[in-house]
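The primary structure of each chain is shown beneath.
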Amino acid sequence: MTDPYQNLANAIILTAVKDWRSARRKLKRKPKNKDAKILLEECESFFRSAWFASLTDVDGEILIRKLYEEDR
């Protein structure tokens, strides 16, 4: 049986990743989109946060780097 708390943590992280990807797509179309810039910054701040570290063993900096590599 899976741990419901781990499922919640995974869902939170996946939502942040989806939001990050959405913001990047918007910025590619409209580089001056302020809302997308703010969302991207918020997601990256979350990936670097203590809360993120408490949810997962994944290194937030590595995740950000992988997302940018994927986005090329």
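The notes below deal with the structure included here. Quantities reported herein were computed from a predicted structural model and do not represent experimental measurements. (Residues numbered from 1 in each chain as written. Predicted model: local features only at pLDDT ≥ 70, side-chain atom pairs only at ≥ 80, totals over all residues. Heavy atoms only, no water.)

Looking at the element boundaries, Arg24 is found in helix 1 (residues 4-29). In this structure the C-alpha to C-alpha distance between Arg24 and Tyr68, which are 44 residues apart in sequence, comes to 9.1 Å. Those residues in contact with Arg24, other than ones at most four positions away along the chain, are Leu40, Tyr68 and Asp71. Among the polar contacts made by the side chain of Arg24, one reaches the side chain of Asp71 at a distance of 2.7 Å. (Helix = DSSP H or I, 4+ residues; strand = E, 2+ residues; numbered from the N terminus. Contact = heavy atoms within 4.5 Å. Polar contact = N/O pair within 3.5 Å; in protein donor to acceptor, adjacent residues only side chain to side chain.)

What follows covers a positive patch on the surface. Taken together, the side chains of Arg25, Lys26, Arg29 and Lys30 define a basic patch exposed on the protein surface. Relative to the assigned elements, Arg25 resides in helix 1. Relative accessible area serves as the criterion here: at 46%, Arg25 is assigned to the partly exposed category. (Patch = residues over 30% accessible without salt bridge, like charges linked within 9 Å, V, L, I, M, F, W, Y side chains within 5 Å. Areas by Shrake-Rupley, 256 points an atom, 1.4 Å probe, with all protein chains shown as cover. Salt bridge = Lys/Arg side-chain N within 4 Å of Asp/Glu carboxyl O. Lys, Arg positive; Asp, Glu negative; His and termini not counted. Charge placed at Lys NZ, Arg CZ, Asp CG, Glu CD. Buried < 20%, exposed > 50% of the residue type's maximum accessible area, 1.4 Å probe, protein only.)

With that settled, consider helix 4 (residues 60-71). In this model, helix 4 (twelve residues) spans 16 Å end to end at C-alpha, consistent with the 16 Å of a helix rising 1.5 Å per residue. Along helix 4, the residues classified as buried are Gly60, Leu63, Ile64, Leu67 and Asp71. Projected down its long axis, helix 4 carries its buried residues within an arc of 100 degrees, all on one side. Here helix 4 starts with a cap whose side-chain oxygen sits 2.8 Å from the backbone nitrogen of Glu61, and that cap is Asp59. (Expected span 1.5 Å × (residues − 1). Arc of directions from axis to C-beta.)

Another point: the nonpolar core. Counting 17 residues, the largest nonpolar core has Val17, Trp20, Phe46, Phe47, Phe52, Leu63 and Leu67 as its most contacted members. At the level of elements, helix 1, helix 2 (34-47), helix 3 (50-55) and helix 4 are the ones that each hand at least two residues to this core. It is helix 1 that provides the largest number of residues to this core, a total of seven residues. Those residues in contact with Leu63, other than ones at most four positions away along the chain, are Val17, Phe47, Phe52 and Val58. (Core = buried A, V, L, I, M, F, W, Y, C linked by side-chain atoms within 4.5 Å.)

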